[in-house]
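Read off the chains here:
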Amino acid sequence: SVAAWALVGTLPYGELDDNSAFSEAFRDRGLGWAGDIVLVGELVVLPVVVGLSMLLQPRIQLVMARDGLLPRTFAAVDAT
């Protein structure tokens, strides 16, 4: 992805931190404030993405089963 290329362009691959690569890359370039913003953004966005994925997964499987991409068993909906 473009973000990975930008990250490796900022710091050599061997110097990247496994836990917070983007925020550490900003700090290494003297932009500690930008690193803090990125770190907070990562902490806020990750649970939102996971939560939305869990909420939307049943609907996606239902539609895929109706389209024939999954077994018809997954298209069954309880009448109650």
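Above: the structure in question.
One structure accompanies this document, and this report is about it. (Residues numbered from 1 in each chain as written. Predicted model: local features only at pLDDT ≥ 70, side-chain atom pairs only at ≥ 80, totals over all residues. Heavy atoms only, no water.)

Regarding the overall build of the protein
So, step 1. When its secondary structure is counted, the protein shows 3 helices and 0 strands.
So, step 2. Reading the helices (α) and strands (β) of the protein from amino to carboxyl end gives α-α-α.
So, step 3. At 20 Å, the protein has a C-alpha radius of gyration far larger than the 12 Å of a compact globule built from 80 residues.
So, step 4. Its C-alpha atoms give the protein principal-axis dimensions of about 60 × 25 × 15 Å.
So, step 5. When each of the 80 residues of the protein is scored for burial, the buried share is 15%.
So, step 6. Sequence-distant contacts, at least 24 apart, represent 0% of the contacts inside the protein between residues at least 6 apart.
So, step 7. For the protein, the exposed area adds up to about 6,400 Å²; of that, 67% sits on carbon and sulfur atoms.
So, step 8. Measuring between centres, the 5 positive side-chain charges of the protein sit 16 Å from its 9 negative side-chain charges. (Helix = DSSP H or I, 4+ residues; strand = E, 2+ residues; numbered from the N terminus. Rg over C-alpha atoms; globule rule 2.2 N^0.38 Å. Buried < 20%, exposed > 50% of the residue type's maximum accessible area, 1.4 Å probe, protein only. Contact = heavy atoms within 4.5 Å. Areas by Shrake-Rupley, 256 points an atom, 1.4 Å probe, with all protein chains shown as cover. Lys, Arg positive; Asp, Glu negative; His and termini not counted. Charge placed at Lys NZ, Arg CZ, Asp CG, Glu CD.)

As for the nonpolar core
So, step 1. Counting residues in hydrophobic clusters, the biggest one holds 5 residues: L7, L11, L16, A21 and A25.
So, step 2. Non-local contacts of A25, meaning those with residues more than four positions away in its chain, are made with L7, T10 and L11. (Core = buried A, V, L, I, M, F, W, Y, C linked by side-chain atoms within 4.5 Å.)

Examining the pattern of salt bridges
So, step 1. Evaluated as defined, the whole model comprises 2 salt bridges.
So, step 2. A salt bridge links R27 to E24; the nearest nitrogen and oxygen atoms lie 3.6 Å apart. One end of the pair, R27, and the other, E24, are both in helix α2 (residues 21–28), 3 residues apart, so they sit about a helical turn from each other.
So, step 3. Take E24: its relative accessible area is 32%, and that puts it in the partly exposed class. (Salt bridge = Lys/Arg side-chain N within 4 Å of Asp/Glu carboxyl O.)

Examining the packing of helix α1 (residues 2–10) against α2
So, step 1. Interaxial distance between α1 and α2 falls to 10 Å at its minimum, and their mutual angle equals 35 degrees. Relative to α2, α1 is oriented so that their crossing is left-handed. For the pair α1 and α2, contact is made by A3, L7 and T10 and by A21, F22 and A25, respectively.
So, step 2. Residues belonging to the contact of α1 with α2 are distributed by class as follows: 5 nonpolar, 1 polar and no charged. (Axes fitted to C-alpha atoms, helices over the stretch in contact; angles between N-to-C directions. Left-handed = near helix turned anticlockwise from the far one by under 90°. Nonpolar A, V, L, I, M, F, W, Y, C, P; charged D, E, K, R; others polar.)

All quantities given are derived from atomic positions and should not be read as evidence of function.
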